[in-house]
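# Observations on the model geometry
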Amino acid sequence: MVVVQQVHHRTTTVRAHEIHYREAGPADAPVLLLLHGFPTSSHMFRDLIPLLADRYRLIAPDHLGFGRSAAPPADEFPYGFAELAALTAEFTEALGLDRFALYVQDYGAPIGLRLALAHPERITAIVTQNGNAYEEGLGADAWAPVLALIADRTPETEAPVRAIRSLDGIRWQYETGVPPESRDLLSPDAWHHDAALMAREGQDAIQLDLISDYGSNFALYPAFQEYFRTSRIPLLAVWGAGDEIFVPAGAEAFRRDLPHAEIHLLPTGHFALETHAPRIAALIADFLERAVVRAR
């Protein structure tokens, strides 16, 4: 008889802010902390969590300002990646998590890697799904408007970046790089869900502050790479090969600092779980069994 683990939707309070998170799996199982990217939330893990919850404890928070977590106005909270990483560390402490593997995607990568720099003893392994740490992973066309904003934030440089979180801009992130034969696996609910949350009052300032702060992550790339070399952390890269935001060269680059990194390029795009959740779940289960479970 197969026991299906239920997914719980819970909240906790960090610095007086309510943080929503999804949780499933046995309380005493190895923990996998799932950190989502822009412009989504823990919703991106809705298909993956049930596939792994029979053997792992999965916890997926919504970052502050995203999903169903609190979204204080930008003039009341300093939205930046250092603050989100610090909040994530405090979130794990609030839940009593002292050892866990990371699953990082998009924004989740610099947040999770900042957490790893601050608390390397807590991290057992890393799964990166289109979560970048190398300059060669930046798709030139997709990043051009963001780099212009980072260099000089003006109304003129804000306008094209603001379009990224429109319904059409979000849909582009889901569809680009997905081959025609897999397009019917994409649920329109995903980009409509994200767009509705991105359209809420206050999101314009929140997201522009975060995107304009992304340059602080570039400055940490050498530190992230040094962490890889010194920690020799087990790393699995499962990457949508058609992603034009974080291109496959970013996945291949992990081997420069982690020669034993396991890299899989899948025929899909930026949100690889939308089309390849079962395949990614199988790769993660095999990887964590060897990297975490047997190493306990």
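Definitions and limits used
Residues numbered from 1 in each chain as written. Predicted model: local features only at pLDDT ≥ 70, side-chain atom pairs only at ≥ 80, totals over all residues. Heavy atoms only, no water. Helix = DSSP H or I, 4+ residues; strand = E, 2+ residues; numbered from the N terminus. Rg over C-alpha atoms; globule rule 2.2 N^0.38 Å. Buried < 20%, exposed > 50% of the residue type's maximum accessible area, 1.4 Å probe, protein only. Contact = heavy atoms within 4.5 Å. Areas by Shrake-Rupley, 256 points an atom, 1.4 Å probe, with all protein chains shown as cover. Axes fitted to C-alpha atoms, helices over the stretch in contact; angles between N-to-C directions. Parallel < 35°, antiparallel > 145°, perpendicular 65-115°, else oblique. Nonpolar A, V, L, I, M, F, W, Y, C, P; charged D, E, K, R; others polar.

### A few points about the overall build of the protein
Counting its secondary structure elements, the protein contains 12 helices and 8 strands. Relative to the compact-globule value of 19 Å for 296 residues, the protein shows a C-alpha radius of gyration of 18 Å, a close match. Referenced to the eigenvectors of the C-alpha coordinate spread, the extents of the protein come out at roughly 55 × 40 × 40 Å. The buried share of the protein, reckoned over its 296 residues, is 58%. In the protein, the share of contacts with a sequence separation of at least 24, taken over all contacts with a separation of at least 6, comes to 77%. When the accessible area of the protein is evaluated, it comes to approximately 12100 Å², of which 53% is carbon and sulfur surface.

### Here's the deal with the packing of helix H5 (residues 155–162) against helix H8 (residues 203–212)
Relative orientation of the contacting elements H5 and H8 amounts to 105°, with a least axis distance of 11 Å. Judged by the angle between their axes, H5 and H8 are roughly perpendicular. Judged by residue contacts, Glu158, Val161 and Arg162 of H5 engage Asp204, Leu208 and Ile211 from H8. Its residues assigned to classes, the contact of H5 with H8 shows 3 nonpolar, no polar and 3 charged.

### Thoughts on helix H6 (residues 167–175)
Spacing of three or four residues puts side chains on the same side of an α-helix, whose turn is 3.6 residues. All of the buried residues along H6 are Gly169, Ile170, Gln173, Tyr174 and Glu175. Buried-residue contacts for H6 involve helix H7 (188–198) and helix H12 (273–293). One or two steps after H6, the chain reaches glycine 177, where phi turns positive at roughly 90°.

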